[in-house]
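These are the residues of each chain, in order.
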Amino acid sequence: MSTSSTHWSDRFQLGTEPIPVDRVTQPEYFELERERLFRRVWLNVGREEDIPKPGNYFVKDIVVLRTSLIVVRGSDGVVRAFHNVCRHRGNRVALACSGSAKGFACDFHGWAYDLEGKLVHVPDENQFAGFRKAEHGLVPVATDVWKGFIFVNVDPQPKESLAEFLGEMGRDLADFPFESMQRMVTYVVDLKANWKVFLDAFSEGYHVPYVHKSSLPAGFRGQDVSALMHLPSLGLYKRHRWFSAPGNPALEATPAEGEVLKHDKRYTLGIAVPEELQPKGLNRDRVAFWSFDANILFPNFFFGISAGWCWTYNYWPLAVDRTICEARWYVERPQTAAGRVAREFAKCLYRDAIREDMARLERTQQMLESGVLKEMLLSDQEVMLRHNYRVVEEYVRS
Amino acid sequence: MSDTSLPKPFRDLEKFVSEWALATEVERSQKRISSPMEVLVEFYEAVHPRFAEIMSHLNGVPAEGLPAEEQRLLDLGLTFVEVSNAVERFGQPDVPDSLDASRFFAIEGTSGLVPNEVLRGERT
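Residues numbered from 1 in each chain as written. Chains lettered and ligands numbered in written order. Predicted model: local features only at pLDDT ≥ 70, side-chain atom pairs only at ≥ 80, totals over all residues.

Within chain B one finds six helices and one strand. When the backbone C-alpha atoms are referred to their principal axes, chain B occupies close to 50 × 35 × 25 Å. The 124 residues of chain B split such that 35% are buried. Residue pairs at least 24 apart in sequence account for 70% of intrachain contacts in chain B once pairs closer than 6 positions are excluded. (Helix = DSSP H or I, 4+ residues; strand = E, 2+ residues; numbered from the N terminus. Buried ≥ 20, exposed ≤ 12 C-beta atoms within 10 Å, placed from the backbone. Contact = placed C-beta atoms within 7 Å.)

Pasting the structure below:
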């Protein structure tokens, strides 16, 4: 008799079937994802502190949406987004990556728009027959902000508000003080891998003892470090999902790490975070040896939160076999220069570890494209991946 | 005061300043990856016995707007933690079996805005 574990897949009724490989290799499937998924959901494009003052803007080219967006704080302080396309004959309006402006002028024929997207100037306006300027503002995109994160939805009539879309996940993290966190670095990586293959690698702990054998030989394990990393707790919502990762309560620190931890117990990876240092709203099931919570906001936004630091991934598909990942590392603002060193230590270890994760993805994509395999096998520990493939499939078939 | 001077208790480490007190992560990680292991070990072994003292000194100064000597000590400390993983974990300058460092485009500091040619995959 088999004694295989189906604990999570039973609990969430996700089955145990293999996943068809064409979901990550077939261009037609990717086109359906583009039209039926990415064009219909809320997507995180930045943070409020990127545009703190009226007139501050950034331009975000989103290849999977085949558009470029201007995200701008208006004179009234409200954050709005517009397609970066002139209403005259379609030229790109804002050319810089970011800046501060009183408005936006097209460099083709001088049409000018204000910060709220209104068309305010058309040279030789009376040459346009029956022209009504008020009807030709920049094309707006639904925009909203949650905990400082700016989201857009390019569906001209979004089926739900951002708050509805975030649902339980938004409520779970309502107390987390993102505003007290400071961004230290953004890494951008362009990989020849499907966006789900990329996300999958950060949605399970099964890989940890193998992929991170050099960087974290005993990290992210619970009390029994000889055991494989099993997720102690996880939650699957309608679309979003989270898991708690175990931490090692007896992590044997390296010499430099030991000094960092004497200064501040929070600034390394893989260690069990003492209960009194765990942030509010995290470690939802109060697991005994906790290191971080991974929160995956469908479809392409991941944020991991530990104590004193958190990180985000935005996965932007370029094609079925290519993805740009923006990885950002945030820390609680340091008070002293020693605190700065401690944060640097954790950041360097994190960066080294994700370079291990990312080394496997192009090889995986390449071999999946060989066509040798028709299916991928998932263990019960990879239930997060199973959930993602199911939700994507629901959108694609909708 | 020269442009390599450190706070008084750390004068013996001044010979490392010009090469190792580096201001940015890109410079520090590049220095680590491009240095032979014996060079990294020499720097590590010189700084490691003083690291507790460095942390204790830096704990008395603010994280930003430091006097020049303290800033150099901070930069030296930042390079030390960068190098420590090569020496203590990997036994080689770079991370074994990892994505090539040149494929990581790093934007340091609080601005997280990514150039659009990078987002479009057109970075050369």
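Back to the text.
For the rest of this paragraph, the subject is the overall build of chain A. Summing up its helical and strand segments, chain A has ten helices and 19 strands in all. Here the C-alpha radius of gyration of chain A, 23 Å, is about what a compact globule of 398 residues would show, namely 21 Å. A separation of at least 24 residues holds for 64% of the contacts in chain A among residues at least 6 apart in sequence. (Rg over C-alpha atoms; globule rule 2.2 N^0.38 Å.)

Turning next to the sheet that holds strand β3 (residues 56-62) of chain A. Residues and elements named next belong to chain A. Here we have seven strands laid out as an open sheet, ordered β2-β11-β10-β5-β4-β3-β6, and antiparallel in their pairing. Sheet topology places β2 (43-47) and β6 (98-100) at the edges, where each strand pairs with a single neighbour. When strand polarity is set aside, the average angle formed by the axes of neighbouring strands in this sheet is 25°. As paired strands, β2 and strand β11 (residues 149-153) are joined by four bridges and run antiparallel to one another. In the sheet register, R47 faces β11, and the bridge partner there is F149. (Pairing = 2+ DSSP bridges. Axes fitted to C-alpha atoms, helices over the stretch in contact; angles between N-to-C directions.)

With that out of the way, let us pick up the environment of R390 of chain A. All names here are of chain A. By the element assignment, R390 lies in helix α10 (residues 383-396). Here R390 falls in the partly exposed class, since 15 other C-beta atoms lie within 10 Å of it. Sequence-wise, R390 and I19 are 371 residues apart; in three dimensions their C-alpha atoms are separated by 9.4 Å.

The nonpolar side chains of a soluble globular protein tend to be buried, and buried together. Residue and element names in this part refer to chain A. Formed by 135 residues in total, the largest nonpolar core has its most connected members in I70, V71, V341 and F345. The element best represented in this core is helix α8 (residues 337-359), accounting for twelve residues. Taken together, domain 1 (43-157) and domain 2 (170-396) each give at least three residues to this core, which thus spans both. Among residues more than four places away in sequence, those in contact with I70 are Y57, V59, A81, F82, N84, V93, A94 and F104. Counting seven residues, the second-largest nonpolar core is a separate cluster that includes L251, I271, V273 and F289. (Core = buried A, V, L, I, M, F, W, Y, C linked by C-beta atoms within 7 Å. Domains from an automatic or database assignment.)

Here we take up the environment of L251 of chain A. All names here are of chain A. Residue placement: L251 occurs in the loop between β14 (241-246) and α7 (255-263). Sequence spacing of L251 and R221 is 30 residues, and the spatial spacing of their C-alpha atoms is 9.1 Å. Once residues lying within four places of it in the same chain are set aside, the contact partners of L251 are A218, G219, G270 and I271.

Listed by partner, the interface residues are 43 residues for chain B and 46 residues for chain A. Going through the elements one at a time, α4 (51-58), α5 (68-90), β1 (105-108) and α6 (116-119) of chain B are the ones with two or more residues in the side of chain B that touches chain A. Among the elements that line the side of chain B that touches chain A, the one with the most residues is α5 of chain B, at eleven residues. Looking at the side of chain B that touches chain A residue by residue, the class counts come to 24 nonpolar, ten polar and nine charged. (Nonpolar A, V, L, I, M, F, W, Y, C, P; charged D, E, K, R; others polar.)

So, on to the sheet that holds strand β7 (residues 103-105) of chain A. Residues and elements named next belong to chain A. One open sheet accounts for three strands, arranged β7-β8-β9; its pairing is antiparallel. In this open sheet, the two edge strands, each paired with only one partner strand, are β7 and β9 (119-121). Pairwise comparison of adjacent strand axes, ignoring direction, gives a mean angle of 35° for this sheet. Two strands pair when backbone bridges link them, and strand β8 (residues 112-114) and β9 are joined in this way by two bridges, in the antiparallel orientation. Paired with Y113 across the two strands is L119, which belongs to β9.

Below, the discussion takes up helix α2 (residues 25-34) of chain B. Considered for burial, the residues of α2 of chain B that qualify are E25, R28, S29 and R32 of chain B. All buried residues of α2 of chain B project into a common sector of 90° when viewed along the axis, lining one side. (Arc of directions from axis to C-beta.)

Turning to the domain arrangement of chain A, a few remarks are in order. Residue and element names in this part refer to chain A. Structurally, chain A comprises domain 1 (43-157) and domain 2 (170-396). Inter-centroid distance (C-alpha atoms) of domain 1 to domain 2 is 34 Å. Residue-level contacts link eight residues of domain 1 with ten residues of domain 2.

Before going further, it helps to examine unusual backbone geometry. All names here are of chain A. Backbone torsion omega between F298 and P299 reads 0°, so that peptide bond is classified as cis. With respect to the element layout, P299 can be found in the loop between β15 (290-297) and β16 (301-305). Positive phi is not limited to glycine here, since Q13 has a value of about 50°. Tracing the backbone through its elements, the reader meets Q13 in the loop between α1 (7-11) and β1 (19-20).

Moving on to α7 of chain A. Residues of α7 of chain A that are buried include every one of A256, E257, E259 and V260 of chain A, and no others. Across the axial projection of α7 of chain A, the buried residues extend over an arc of 160°, all falling on one side. Elements in contact with the buried residues of α7 of chain A: α8 of chain A together with α4 and α5 of chain B.

Another point: the pairing of β3 of chain A. All names here are of chain A. Counting buried residues along β3, five of its seven residues qualify, which places the element largely inside the surrounding structure. Where β3 meets β6, three bridges bridge the pair, whose relative direction is antiparallel. Looking across to β6, one finds that Y57 is bridged to G99. Pairing analysis gives six bridges linking β3 to strand β4 (residues 67-73), with the strands arranged antiparallel. Looking at the pairing, V59 lines up with I70 of β4.

With that out of the way, let us pick up the packing of helix α3 (residues 37-47) of chain B against α5 of chain B. Residues and elements named next belong to chain B. Close contact between α3 and α5 brings their axes to 10 Å; oriented N to C, the two are set at 120°. Considering their axes alone, α3 and α5 lie oblique with respect to each other. Two packed elements cross with a definite hand, and for α3 against α5 that hand is left-handed. Where α3 approaches α5, its residues L40, V41, F43, Y44 and V47 are matched on the opposing element by L76, F80, V83, S84, A86 and V87. A breakdown of the residues in the contact of α3 with α5 according to their chemical character gives ten nonpolar, one polar and no charged. (Parallel < 35°, antiparallel > 145°, perpendicular 65-115°, else oblique. Left-handed = near helix turned anticlockwise from the far one by under 90°.)

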